[in-house]
Amino acid sequence: PIDWPRYLGLDFGQTHTAAVFLAEEPRKDPKAQRRLYVYRVYGPAGGLTPVQHRAVLLAGEPQTPISYGGSHSEDAWRREYRNAGLLVQEPPNIGVEVGIDRVYGGFARDEWLIFDDLLPLIEDLGSYSRQLNEAGEPIPDTIEDKEDFHLLDAWRYIAAVLMQPTVDLQAAQTEVVFTGGDEEPVPSGRNLIEEYKRNLRRKAAELEREREAAKRG
């Protein structure tokens, strides 16, 4: 539905840009079960500029999703995408292990729902595992062939934001205003996600009015 908030997790790379798209089912009751639908993936793909990636990423999307991606050291990539017209923000710098825990926490609470046609993502989930030592025991803080799991990295980046355990995302998020060129964005103090949801509701209401007018006509 057009009025459902959309989110995007993005993993950067010259040859392995990857993205995971999520939609959140609105809740009238804050205590109701939270549902986040993983409905689309992109890549890993290479050979495109950030402008070209942006065009493919946003094709068919009803709204520009709220986007997070990259590690703490990848500001240059985020700047490239901002200049290309897609605001990709830095996720919390919590490290790989905590990020994995936040993805797992969503599964434990039955908050993730994955479309069954997202085979690359489902296959990655099935093969994501620890490295083993000579005794066949898992080695803490390691991932076997970690450099191959770009879709899961993208998911981890957005999960780091959406699954923050003690922070109200809507209260914490601020809108970002472009200052042009390579300058850093400046927070405006307005609530980006709340504004985003209001815009979605307004557009949905406008579409409904147009449908009713067409029926009367």
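These remarks concern the structure in this document. All figures in this text were calculated on a predicted structure; none of them were measured in a lab.

1. Re unusual backbone geometry
Step number 1: A cis amide bond links glycine 43 with the next residue in sequence, proline 44, at an omega value of 5 degrees.
Step number 2: With respect to the secondary-structure elements, proline 44 resides in strand E3 (residues 36-45).
Step number 3: Its identity is not glycine, yet aspartate 110 carries a phi of approximately 60 degrees, on the positive side.
Step number 4: Along the chain, the position of aspartate 110 falls in the loop between helix H3 (95-108) and strand E6 (112-114).

2. Focus: the sheet that holds E6
Step number 1: In spatial order, the strands read E5-E4-E1-E2-E3-E6; together these 6 strands make up an open sheet with mixed pairing. Edge strands, defined here as strands with exactly one partner in the open sheet, are strand E5 (88-89) and E6.
Step number 2: Helix-sheet contacts for helix H5 (residues 150-162) involve strand E1 (6-11), strand E2 (17-24), E3, strand E4 (66-69) and E6, and the interaxial angle to E1 is about 130 degrees.

3. With respect to helix H2 (residues 75-84)
Residues spaced three or four apart along an α-helix face the same direction, because each turn holds 3.6 residues.
Step number 1: When we look at burial in H2, the residues that qualify are Arg78, Tyr81, Arg82 and Ala84. The buried residues of H2 occupy one face: seen down the axis, they fall within an arc of 160 degrees.
Step number 2: Taken together, the buried residues of H2 touch E1, E2, helix H1 (50-58), E4 and E5.
Step number 3: Looking one or two places after H2, you find glycine 85, whose phi comes out positive at around 105 degrees.

4. Looking at the pattern of salt bridges
Step number 1: Counted under the stated rule, the structure contains 7 salt bridges.
Step number 2: Across the salt bridge formed by arginine 78 and aspartate 75, the nearest N and O atoms sit 2.8 Å from each other. With a gap of 3 residues between them, arginine 78 and aspartate 75 both fall in helix H2, about one helical turn apart.
Step number 3: Using a relative accessible area of 34% as the deciding quantity, one classes aspartate 75 as partly exposed.
Step number 4: Here arginine 78 and glutamate 90 are joined by a salt bridge, their closest N and O atoms 3.8 Å apart. Taken together, the residues span a long stretch of sequence, with arginine 78 in helix H2 and glutamate 90 in the loop between E5 and H3 at a distance of 12 residues.
Step number 5: Linked by salt bridges that have partners in common, Arg6, Arg40 and Glu61 make up one network.

5. Points about the nonpolar core
Step number 1: Formed by 23 residues in total, the largest nonpolar core has its most connected members in Val20, Leu22, Val38, Trp112, Leu121 and Trp155.
Step number 2: Every element with two or more residues in this core is listed here: E2, E3, E4 and H5.
Step number 3: Here the element with the most residues in this core is H5; it accounts for 8 residues.
Step number 4: Setting aside chain neighbours within four positions, we find leucine 22 in contact with Pro5, Arg6, Tyr7, Leu36, Tyr37, Val38, Tyr39, Trp112, Trp155 and Ile158.

6. Some points on the packing of aromatic side chains
Step number 1: Applying the stated criterion across every chain yields a total of 6 aromatic pairs.
Step number 2: A centroid spacing of 5.2 Å and a plane angle of 75 degrees characterise the contact between tryptophan 112 and tryptophan 155, whose relative ring orientation is edge-to-face. In this pair, tryptophan 112 is assigned in strand E6 and tryptophan 155 in helix H5, connecting sequence segments 43 residues apart. Accessibility classification places tryptophan 112 together with tryptophan 155 in one group, the buried group.
Step number 3: Of the aromatic side chains, those joined through ring pairs into one cluster are Phe12, Trp77 and Tyr81.
Step number 4: A cation over a ring is seen here: arginine 6 above tyrosine 39, with NZ or CZ 5.0 Å from the ring centre.
Step number 5: One cation-aromatic arrangement involves arginine 156 over tyrosine 157; the distance from NZ or CZ to the ring centre is 5.1 Å.

Rules of the game
Residues numbered from 1 in each chain as written. Predicted model: local features only at pLDDT ≥ 70, side-chain atom pairs only at ≥ 80, totals over all residues. Heavy atoms only, no water. Helix = DSSP H or I, 4+ residues; strand = E, 2+ residues; numbered from the N terminus. Pairing = 2+ DSSP bridges. Contact = heavy atoms within 4.5 Å. Axes fitted to C-alpha atoms, helices over the stretch in contact; angles between N-to-C directions. Buried < 20%, exposed > 50% of the residue type's maximum accessible area, 1.4 Å probe, protein only. Arc of directions from axis to C-beta. Salt bridge = Lys/Arg side-chain N within 4 Å of Asp/Glu carboxyl O. Core = buried A, V, L, I, M, F, W, Y, C linked by side-chain atoms within 4.5 Å. Phe/Tyr/Trp six-rings, centres within 6.5 Å; stacked < 30°, edge-to-face > 60°. Lys NZ or Arg CZ within 6 Å of the ring centre and 35° of its normal.

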